[in-house]
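Listed below are the residues making up each chain.
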Amino acid sequence: MPYAVDFENVSTVGLESSPVAEALAGLRANEARYFRNKYDHVFTVGTAEEEADAVERVTSILEDERGIRIASPALEATRFEVDGVDWTYVFYESGLSVNVLYSVADGGKRAVGFKLSDGMEVPEELSAFKFARQKSRLAGTIRGSFFVIKGTY
């Protein structure tokens, strides 16, 4: 059953099997805070099984655009539209978060973003990317990278 992510009382619910569960929970809470503050949107997630369409969307875009297959199992996912942008997030057991930002209007921004939880190594399948660092009160140090989506989905 999908639930709202609490960014004030960070919880590892749904992420317990991750070796970096605390950091991944902080990363997920960081995203929830962003959407609440920027769009007044409540960030909800469900299990990967409940949100299989969202996981499949991310999986197919990664494969089609760059031939990337994430080795880690997906734990949670979500898909929603805010302010003309279709957002899809998948949180993986390794501590990786992948999001797809896809403007509904033609010619808008369309990209895939990767965020690595504090304490995890860069997955082999993402070794070609350079990651920038940012500090987060909720998630510690987040390393992030992205690429622009060329196709239509």
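From a predicted model like this one, the values you see are computed outputs, not experimental measurements. (Residues numbered from 1 in each chain as written. Predicted model: local features only at pLDDT ≥ 70, side-chain atom pairs only at ≥ 80, totals over all residues. Heavy atoms only, no water.)

**Some thoughts on the pairing of strand S5 (residues 96-103)**
- Of all eight residues in S5, eight are buried; the element is thus mostly enclosed.
- Burial along S5 is two-sided: Leu96, Val98, Val100 and Tyr102 and Ser97, Asn99, Leu101 and Ser103, pointing in opposite directions, are all buried.
- Where strand S4 (residues 85-92) lies against S5, seven bridges are found, and the strand directions are antiparallel. Across the sheet, tryptophan 87 pairs through a bridge with leucine 101, a residue of S5. (Buried < 20%, exposed > 50% of the residue type's maximum accessible area, 1.4 Å probe, protein only. Helix = DSSP H or I, 4+ residues; strand = E, 2+ residues; numbered from the N terminus. Pairing = 2+ DSSP bridges.)

**As for the sheet that holds strand S1 (residues 3-4)**
- Read from one edge to the other, the open sheet built from eight strands follows the order S1-S2-S3-S4-S5-S6-S8-S7, with strand pairing classed as antiparallel. Looking along the sheet, the strands with just one partner apiece sit at the ends: S1 and strand S7 (132-136).
- As paired elements, S7 and strand S8 (residues 140-148) share five bridges and run antiparallel to each other. Along S8, the bridge assignment pairs lysine 135 with threonine 141.
- Relative to S4, helix H1 (residues 21-39) is tilted by about 165°, and along the sheet it contacts S1, strand S2 (44-47), strand S3 (74-82), S4, S5, strand S6 (110-116), S7 and S8.
- Lying over the sheet, helix H2 (residues 52-66) contacts S3, S4, S5, S6 and S8, oriented at roughly 95° with respect to S4. (Contact = heavy atoms within 4.5 Å. Axes fitted to C-alpha atoms, helices over the stretch in contact; angles between N-to-C directions.)

**Some words on the packing of aromatic side chains**
- Applying the stated criterion to the full structure yields 15 aromatic pairs.
- Between tyrosine 34 and phenylalanine 35 the ring centres are 5.1 Å apart and the planes differ by 85°, which places this aromatic pair in the edge-to-face class.
- On the basis of relative accessibility, which here comes to 36%, the residue tyrosine 34 falls in the partly exposed class.
- The exposure class assigned to phenylalanine 35 is buried, which follows from its relative accessible area of 0%.
- For the ring pair phenylalanine 35 and phenylalanine 43, a centre distance of 5.7 Å and an interplane angle of 20° mean the geometry is stacked.
- Phenylalanine 43 gets classed as buried once you look at its relative accessible area, which sits at 1%.
- Through a chain of ring-to-ring contacts, the aromatic side chains of Tyr34, Phe35, Tyr39, Phe43, Phe80, Trp87, Tyr89 and Phe91 assemble into a single cluster.
- Over the face of the ring belonging to phenylalanine 147 we find arginine 66, whose NZ or CZ atom lies 4.4 Å from the ring centre. (Phe/Tyr/Trp six-rings, centres within 6.5 Å; stacked < 30°, edge-to-face > 60°. Lys NZ or Arg CZ within 6 Å of the ring centre and 35° of its normal.)

**A look at the pattern of salt bridges**
- Under the definition given, this model contains six salt bridges.
- Put simply, glutamate 63 and arginine 69 hold a salt bridge, and the shortest N to O gap is 2.9 Å.
- Residue glutamate 63 is classed as partly exposed on the basis of its relative accessible area of 29%.
- For arginine 69, a relative accessible area of 62% puts it in the exposed group. (Salt bridge = Lys/Arg side-chain N within 4 Å of Asp/Glu carboxyl O.)

**Considering H1**
- Here H1 spans 27 Å end to end across 19 residues, near enough to the 27 Å set by a 1.5 Å rise per residue.
- In the stretch just after H1, aspartate 40 is the one whose phi turns positive, near 55°. (Expected span 1.5 Å × (residues − 1).)

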